[in-house]
Every structure is written in C-alpha cells, then in structure tokens.
Amino acid sequence: MLNKQKVPGDIQGSKTDKESAVSRGFLPVCRADMEELGIRQLDFVYVIGDAYVDHPSFGPAIISRVLQSRGYTVGILPQPDYRNADSVTGLGEPRLGFLVSAGNMDSMVNHYTAAKKRRSKDQYTPGGEAGRRPDRAVIVYCNLIRRNYKKTPVIIGGIEASLRRLAHYDYWSDSMRRSILLESGADLISYGMGERSIVAIADALDAGIPIQEITYLPGTVCKVKSLSRTGGHILLPAYEEICKEKRKYAESFYIQYCNTDPFSGKCLAEEYSKSCYVLQNPASIPLTEAEMDEIYGLSYQRTWHPMYDAAGGVPALAEVKFSLVSSRGCFGGCSFCALTFHQGRIIQARSHESLLAEAVQMCSEPDFKGYIHDVGGPTADFRMPSCEKQLTKGVCREKQCLFPKPCRNLRADHRDYMALLRKLRALPGVKKVFIRSGIRFDYVLADRDSGFLEELCRYHVSGQLKVAPEHVSDPVLSCLGKPEHAVYEEFSRQYQKMNEQLHLKQYLVPYLMSSHPGSTMKEAVKLAEYCRDLGYMPEQVQDFYPTPSTISTCMYATGLDPRTMKPVYIPENLHEKEMQRALIQYRNPKNRELVREALKLAGREDLIGYGKKCLIHPEEKRNPASKNPEESGKRNGKKGHVPARRNKKTIRNIHHKKQQEG
C-alpha cells in the first residue's frame, strides 16, 4: 500500500436532502463545514481551478481522498475569486500546507483554442460558465496565497504544474518560460499522478521536516541553492542558454524525455543562477494493482458538490459519470501527447473485481440507463506493461514500443481486456458497454488472435468506431510518432471484413490532425485528397495545439526533431494553419476561399475544376455591373428579377459541352 498508516472510518452519512454536504460525505468547503466536523485547523487546504466534483476521474478528488485515507484532514477551496486576495483565506491557514492545482485541464488549454481564440464555455465550472478561473491559474492562486501566508508551505500539482516543472516553451506568449516552481513562488511540485509523492510530502511535513529540506522524494521538483549535496544528477542546459539557442532547448527537452522512467530515469538539474537550481527527482514508481484498487475504492460521492445544484451541476461529469477508468499510462508514444511526462509509459491497471464493484455501484444510480460509456484509460486496450522487463528495469530510454514498428518484445494480448468486458456485459442492468477512450489499431493488428476485433465489432461499437490515424503522409506520421499509413489501411480492411462477416453496417471514423510539424501544404493537400476519396468530411478537425512537454511542441518551438536533431518544417503562421485545416473540410462553403488559396500555394490548381477529383469549382466570373439585382433584372427584361442559379449538374454539363466544342 502507499504507506502503513491506518485508514480512519469515513464520515459518510445517510443522504437525505436535509443533511449538510459534509454529513453526506463531502470534504469541507467553508468554516461552517469545519465546525460541523469539529475541525479547528485543517492539515491541508486544496485550492483548485475546477468546481469541486468528488469523483475518481477528477485528480483533486483522488489526492484529497488519498490524504484523508491516511489520516489527514483536507478542505477544498474550489475556484476562489482570483480578483480578491482574501478569497484563499476562507478555510484559514492549514497546519501543514496549501495544495494548488489548476484542475483536470491546463487553464490555458481550457480557455483558448489552438487559434488562440477564447472559448465560450468551461465544462469544469457550474453551468459551463466561462471566466471563473484565471489564465495560468496555478501561478495566480499561489500569488494570492503568498499575499496572505508568507511562510506556509505551498505544494503545486496537477497537469498544469506537472508539464511546466522545468523550463518550457509557452505557445500563448511565444516564449521560453521558467519552471512554474519559480514563477508561482511555490515550494514543491508533486508531478505526475501524485498519490505516492503527496503522501510522502505529507508524512515529511507532519514529522516536522521543513519544506525547504524535502529535496529527495521521487515524483517531486524542488529548488536548491547548490548542487553540492546532490549526487548522480544530469545538469541540463541553463535557462539562459535555452532562451538564446533553440538547439539547446531541443537537447534539454530530449534529455528530459529520456528520463521520465521511474526505474532508469536520473535526477535532473536546471540552472537559473549560481545560487538557484531547479531539481527534478526521478518519477514515482508505478502503483501496484492493489494500490490502484485501493485508490479507486475510496469514499467518493461520485458527483458534484450540492452547492452547484442550482446552476445545473458541472457539465464535465456527464462525460465520465458512467465510465470506468481501468488503467493508467501509455506506451503508444505519440509525439503530440504529454502522457509520457505525466502518467508515464508503464501501464498500471485495476483488478476485474475493483472495476466490477464500481460498475455495480454505477448501475444503482437512478439516472443510469444501462449504458457504460467507456472502459479504458489513455488507450483503452492497454491493460498490461508492453513487455515483462518494464516493472523491474523500466522502459527503453530511446526506443518506443510501437513506433516506428512494434518491438519484437511487445506483448500484444487482449485476453484480459476481453475477459473484463465479458464480465461487465453480464452484469444485471447493463445493456451495452462502449469503448470510447480509443483503441490503438496497430496494437490490435499486432495481436495474432483476431478474437478481440470480433468482440469489439460485435458488442462494443454502435455504428461507428473512432480511431486516430491522424494523417496519411508517412513523413508527417513519422513526426507524429504514428505508424505508416499502410498500417491503418490494413486495419481498415480487417475491420470492414469483420463487419461483413458479422452482417453489421459499421464504419470507421478517423481522427485527423492539421498543421502538425512536418506538414507542408503538399501534405495537407494529400490529406484532403484522402478525405475526398473516402467520401468523408469530418465535422471536427484537431488543429495541432503546442501544449507544454511534448515532442511536437519542442519541434514547433525549435524547428528541430529532438530525437534526431534534424530540421522539421513548421506551419507556424496562423493563416497557414487555417488553410491546412480548411483543406480537410474542403466541402464546407465557408472554407472555399481558404482552400482555393491553399491549392494555389501548393501548385495544385488541377484540383480546382469540375472533374471528379477536384476539391472546389473555379471562381465564377461575374460582370461587376450585375451585382445590383435591380439592374440585373432590367437587363433581363423583368424589373427586380434575379435569374435562378444553375445547379452543379447543369454547370458540369455546360462545361463538358464547351470542352467538346472547343
């Protein structure tokens, strides 16, 4: 288990409308709640950028419940008013420290699209209301705390802090920024998923160790004045160096990338001045199955705090309320994904018994309709480490399990996952079990047993299966860390064949990405042609988003692939990104001019015309004098009459006739 302290009895009472939230089992959010529980001073006050949702799909809920299970008291300050310095004082000064997290999402990704346009809704706020959290929430909340409590320990965590733990490229300011530990004024970062490190931090503080001396714990990042006491570390390029030279940042990033493993990773040090270093300790070791079961079996209320009922609750809960998190980690190694830095590449999974118990609890919910929306993790069909050595020696430092081809030591085996799905389907009250977190199609092909594909099509797809080939150009796929396009084509063929055997009409829906590093306009046109040949125009396209701590973002910032140090083409101009995106959705009339411009730039004007292979029609030549309908009507002999537009078939026939005549 995470440690040997006894788990106190929970405070969950019966759930009647007349009872307070804390008597129902929620953690305190105000002084009145503390008084009701007889708590004079909390051990930890947790400031979060999300609304308070006590569900194991929400990171702050897990960290709070883990600490509570170890005997510590925790209060929640959800979405304090960032314009008011006193908003972080509502629960008083904690005995051991403040915990700070932006929430389940990075606050900048939560606020802005890849085009840097403001989003209109926040799914993690009551009623979906936007504007309840600040930009760079971790930094803002820490600054508010420091105005009121100068010496109280502050520990930051969650995805926003985790992915900014060392110097990083910031897309929104187009600049290199310092470690968030320095920018926020916090004392310590608990990076990754954090259960082990937060308990170790709590125990150290409870034992009276000053926060400045907690410099040795796995899964943490700290500040030190000197490296004289730290042995065996790797010294990264200094912050000043990576600001001046892009190649230095690429080198630094790849060293970090190769040291994310808890078994083989080294301690990393980054210099900011001769008396200021940021020190990253190796990652925490993976949780065992028993530890995963324990964490997901804690006394979550599985819903939002009742103070949000009047606003209609928190929209993000709907996506996960009837889903099961079966695993963590991903050995897929996609370049644009930060999971390597946050959850790691070693799979950690829950037992069947744990998942079935949660499913039975789910089935008893009054609004459960018989559908389990998802059973998975970052990649649904990853249920075990990719090879046997990983739990003792870690993952390969400079090799991937699936890219560019599956490793010869890869264990591609879906039997355990199939057994789990069968048990879930057999539960009373369950009508259908979906898999929505996504399967890795190259991993399915690597499994010599086709039984999983058959069960997937027969039981777990409802008309459409969404998969993520991302692109069709092999050079771009190489930058993406994805298999060659031929692999997706083979999966598509086998999927179609299986559905024909089962007499089912089900389709593949590919997720596609525009403007990724390596994608010139030529590659973007190739992707558009693929959509044309497929007869498919996606309603949504994922435009590449340079978020912190991904290989792709490093490429975007430096123009170099950090794995090879070779130059990479970067579509960094916002207008070019708009054109690449428009090409994938070339049928949308709103995109016509962008598509026309893109095709001309790519030298592919052969795709402008009336042929079957053309993406758009030529520009219509109009007499400038005919713009006024009144004048146009006079010329046609009928005042105010505008001649009807010819339909596409008529235009094609006329064009064909002219070609024959000419």
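Look above for the structure.
Residues numbered from 1 in each chain as written. Predicted model: local features only at pLDDT ≥ 70, side-chain atom pairs only at ≥ 80, totals over all residues. Heavy atoms only, no water.

(A) Looking closely at the overall build of the chain. Across its full length, the chain carries 26 helices and 24 strands. The C-alpha radius of gyration computed for the chain amounts to 28 Å, which stays within 12% of the reference 26 Å derived for 662 residues, consistent with globular compactness. In the chain, once contacts between residues fewer than 6 apart in sequence are set aside, the share between residues at least 24 apart is 74%. Element-wise, carbon and sulfur atoms account for 49% of the exposed surface of the chain, whose accessible area totals about 30,400 Å². Between the mean site of the 95 positive side-chain charges and the mean site of the 77 negative ones, the chain shows a separation of 5 Å. (Helix = DSSP H or I, 4+ residues; strand = E, 2+ residues; numbered from the N terminus. Rg over C-alpha atoms; globule rule 2.2 N^0.38 Å. Contact = heavy atoms within 4.5 Å. Areas by Shrake-Rupley, 256 points an atom, 1.4 Å probe, with all protein chains shown as cover. Lys, Arg positive; Asp, Glu negative; His and termini not counted. Charge placed at Lys NZ, Arg CZ, Asp CG, Glu CD.)

(B) Expanded view of the side chain of S252. Position of S252 relative to the elements: it lies in helix α10 (residues 246-257). A relative accessible area of 0% means that S252 is categorised as buried. If sequence neighbours within four positions are ignored, S252 has contacts with L236, P237, I242 and E270. (Buried < 20%, exposed > 50% of the residue type's maximum accessible area, 1.4 Å probe, protein only.)

(C) Region of the structure containing unusual backbone geometry. That bond from F403 to P404 is cis: its omega, 0 degrees, falls within 30 degrees of zero. For P404, the position within the fold is in the loop between α15 (390-393) and α16 (415-425). For R302, which is not glycine, the phi torsion reads 65 degrees and is therefore positive. Its location among the elements puts R302 in the loop between α11 (289-296) and β13 (303-304). The backbone of S549 sits at a positive phi, close to 65 degrees, despite the residue not being glycine. One can find S549 in the loop between β22 (542-543) and α22 (551-558).

(D) Focus on the packing of aromatic side chains. All told, the structure shown has 25 aromatic pairs when counted by the stated rule. Between Y249 and F253 the ring centres are 6.4 Å apart and the planes differ by 55 degrees, which places this aromatic pair in the tilted class. Note that Y249 and F253 are positioned in helix α10 at a spacing of four residues, about one turn of the helix. Here Y249 falls in the buried class, since its relative accessible area comes to 3%. You can call F253 buried: its relative accessible area is 1%. (Phe/Tyr/Trp six-rings, centres within 6.5 Å; stacked < 30°, edge-to-face > 60°.)

(E) Focus on the pattern of salt bridges. All chains considered together, the criterion is met by 37 salt bridges. Between D54 and R65 there is a salt bridge whose closest N-O contact spans 2.5 Å. With a gap of eleven residues between them, D54 in strand β2 (residues 53-54) and R65 in helix α3 (residues 59-69) connect regions that are remote in the sequence. On the basis of relative accessible area, D54 is assigned to the buried category, the value being 0%. Since its relative accessible area comes to 2%, R65 is described here as buried. We note a salt bridge from E358 to R350, for which the minimum N-O separation is 2.8 Å. Given the relative accessible area of 5%, E358 is considered buried. Ionic contacts of the salt-bridge type, sharing partners, join the residues E529, R532, D533, R604, D606 and K613 into one network. (Salt bridge = Lys/Arg side-chain N within 4 Å of Asp/Glu carboxyl O.)

(F) Spotlight on the packing of helix α23 (residues 574-584) against helix α24 (residues 592-601). α24 packs onto α23 with a crossing angle of 100 degrees between their chain directions and a minimal axis gap of 8 Å. For the element pair α23 / α24, the angle class is roughly perpendicular. Contacts between α23 and α24 involve H575, E578, M579, A582 and L583 from the first element and L594, V595, E597, A598, L599 and L601 from the second. Residue composition of the contact of α23 with α24, by class: eight nonpolar, one polar and two charged. (Axes fitted to C-alpha atoms, helices over the stretch in contact; angles between N-to-C directions. Parallel < 35°, antiparallel > 145°, perpendicular 65-115°, else oblique. Nonpolar A, V, L, I, M, F, W, Y, C, P; charged D, E, K, R; others polar.)

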